[in-house]
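Listed below, chain by chain, are the residues.
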Amino acid sequence: MKAEFISRVMQIMNELGWNDTESDAFIGSNTAKVKGHIESVFVDGWRKAVTIFPKTYFTIKSFSDQKLVSDIPHGTGYIILPEDFYSLASFKMRGWQVATETLIPGSDPMARVQANEYTRGNICRPMCVLNNKTVRESVDGHISYIQKDVLEYYSVPTGSKQEIEEALYIPLISPLSDDTILNEKLYIPLAYICASMVFYIFEKPDIAQVLEKKATEIIK
């Protein structure tokens, strides 16, 4: 997978003439150096792809089995997020009329609004906030307190039982390797994004922008 993906990115770059001896696109560069850059930008390219392409292009995992901490009297609570959590795909508490696909950061002004029971999210317009909490954990009889990212949800009717109906997320991808698995739909667009990022490294923004545009055109 690793060699195949790098080869595909280089093929895209070849079409733009990076290996043309008459071109100054990569002054002083060589094949090994370019391969190294492709490998180094892979994760960042994937992160960028998450903001551009449909979520169905990415690996989707469930986190419905994660620890749920309910505040039943207030109709709120939180779920501890998996260590490899990167982006929310869909979340729905039982009783909500709709699921939400947005997880706003705790620094967002809308997050502060959730502190007010009259203005916070509800079963018709639910809201999820990304926050960080000190969580109590017991391992082999030893109690420890560690910081964990959590998803706070707003809200469900006060006093009601709280259950997760659906909790899906996109896990962060690992660095490019032979074990890397990509959705067939993502493979080529991501190759274009990685090629674009390498051109940015070599200070060729015009070519990089052409490739960025091509990546988005592929999925239409």
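The structure under discussion appears in the preceding block.
Predicted, not measured: the structure shown is a model, and the values here were computed from it. Residue numbers restart at each chain and count upward from 1, following the sequence in its written direction. Two thresholds apply to this predicted model, a pLDDT of at least 70 for residue-level local features and 80 or more for giving and counting side-chain atom pairs, whereas whole-chain, interface and lining totals are computed over all residues. As a rule here, side-chain values come from all non-hydrogen atoms in the structure, and water together with hydrogens is ignored.

Attention shifts here to the overall build of the protein chain. Counting its regular elements, the protein chain contains 5 helices and 8 strands. To qualify as a helix, a DSSP run of H or I must reach at least 4 residues; to qualify as a strand, a run of E must reach at least 2; elements of each kind are numbered from the N terminus. Put simply, the protein chain runs from its N terminus to its C terminus through helices and strands in the order α-α-β-β-β-β-β-α-β-β-β-α-α. In terms of overall size, the protein chain is more extended than a compact globule, its C-alpha atoms giving a radius of gyration of 22 Å where 220 residues would be expected to give roughly 17 Å. Burial classes: relative accessible area under 20% of the type maximum marks a residue as buried, over 50% as exposed, and values in between as partly exposed (1.4 Å probe, protein chains only). When burial is assessed residue by residue, the protein chain has 41% of its 220 residues classed as buried. Pairs of residues are marked as contacts when any of their non-hydrogen atoms sit within 4.5 Å. Residue pairs in contact within the protein chain that sit at least 24 positions apart in sequence constitute 71% of those at least 6 positions apart. Counting only carbon and sulfur atoms, one obtains 49% of the accessible surface of the protein chain, whose full area is about 12,300 Å². When charges are counted, Lys and Arg are positive and Asp and Glu negative, with His and the chain ends excluded. Just so you know, the charge point we use is NZ for Lys, CZ for Arg, CG for Asp and CD for Glu. One finds the centroid of the 23 positive side-chain charges in the protein chain at a distance of 5 Å from the centroid of its 28 negative side-chain charges. Between the two quantities, the radius of gyration covers C-alpha atoms and the globule rule is 2.2 Å times the number of residues to the power 0.38. For every accessible area listed, the method is Shrake-Rupley and the probe measures 1.4 Å; residues are considered covered only by the protein chains on display.

With that settled, consider the pattern of salt bridges. A side-chain nitrogen of Lys or Arg and a carboxyl oxygen of Asp or Glu constitute a salt bridge if their distance falls within 4 Å. Tallied over the full model, the rule gives 9 salt bridges. Notably, a salt bridge pairs Glu39 with Lys2, separated by 3.0 Å at the nearest N-O pair. On the criterion of sequence distance, the pair formed by Glu39 in helix H2 (residues 31-52) and Lys2 in helix H1 (residues 2-15) is long-range, its members being 37 residues apart. In this structure Glu39 comes out as partly exposed when scored by relative accessible area, which is 34%. Across the pair Glu152 and Lys133 runs a salt bridge whose closest N-O atoms are separated by 3.2 Å. A residue pair is termed long-range when its members are at least 10 positions apart, and Glu152 in strand S7 (residues 142-154) and Lys133 in strand S6 (residues 127-139) qualify at 19 residues. Judged by relative accessible area, which is 9%, Glu152 ranks as buried. Residues joined in a network through salt bridges with shared partners are Lys92, Arg94, Lys161, Glu163 and Glu165.

On to the packing of H1 against helix H4 (residues 184-201), then. H4 packs onto H1 with a crossing angle of 60 degrees between their chain directions and a minimal axis gap of 9 Å. Taken together, the axes of H1 and H4 lie oblique to each other. The interaxial crossing formed by H1 with H4 has right-handed handedness. The segment H1 lies against H4, with Glu4, Phe5, Arg8, Val9, Ile12, Met13 and Glu15 engaging Tyr187, Ile188, Leu190, Ala191, Tyr192, Cys194, Ala195, Val198 and Phe199. Under the scheme applied here, ten amino acids are nonpolar (Ala, Val, Leu, Ile, Met, Phe, Trp, Tyr, Cys and Pro), four are charged (Asp, Glu, Lys and Arg), and all others, including Gly, are polar. Tallied by class, the residues present in the contact of H1 with H4 amount to 13 nonpolar, no polar and 3 charged. Each axis is a line fitted through C-alpha atoms, and for a helix only the stretch in contact is used; angles between axes span 0 to 180 degrees, taken between their N-to-C directions. Relative orientations are named as follows: roughly parallel for angles under 35 degrees, roughly antiparallel for angles over 145 degrees, roughly perpendicular for angles from 65 to 115 degrees, and oblique for any other angle. Handedness of a helix crossing follows the sense of rotation of the near helix relative to the far helix, less than a right angle counterclockwise being left-handed and clockwise being right-handed.

Let us now look at the side chain of Ser196. Summarising the element assignment, Ser196 is placed in helix H4. Contact partners of Ser196, with chain neighbours within four places excluded, come to Ala208, Leu211 and Glu212.

In this section: the pairing of S7. A pair of strands is labelled paired if DSSP reports no fewer than 2 bridges between them. The sheet contact formed by strand S3 (residues 76-80) and S7 spans 5 bridges and is antiparallel. Within the sheet, the bridge partner assigned to Thr76 lies in S7 and is Tyr154. Where S6 and S7 come together, 13 bridges link them in antiparallel fashion. Each bridged residue has a counterpart across the sheet, and for Arg136 the counterpart in S7 is Tyr145. The antiparallel pairing of S6 with S7 creates a hairpin that spans 2 residues between the two strands, and Asp140 there sits at a positive phi of about 55 degrees.

Helix span, expected: 1.5 Å multiplied by one less than the number of residues in the helix. In this model H1 runs 20 Å from its N-terminal to its C-terminal C-alpha over 14 residues, within 8% of the 20 Å that 1.5 Å per residue would give. When we look at burial in H1, the residues that qualify are Phe5, Ile6, Arg8, Val9, Met10, Ile12 and Met13. Its buried side turned inward, H1 meets H2, H4 and helix H5 (205-218).

Along its 18 residues, H4 runs 27 Å from first to last C-alpha, staying within 8% of the 26 Å computed at 1.5 Å per residue. Burial within H4 is extensive, with 13 of its 18 residues counted as buried. A 3.5 Å cut-off defines polar contacts: any pair of N or O atoms within that distance qualifies, except that in protein one atom must be a possible hydrogen donor and the other a possible acceptor, and neighbouring residues in sequence count only when both atoms are side-chain atoms. Sitting at the amino-terminal end of H4 is Asn183, which places a side-chain oxygen 2.7 Å from the backbone nitrogen of Lys185. With its phi angle positive at about 55 degrees, Glu203 sits one or two positions after the end of H4.

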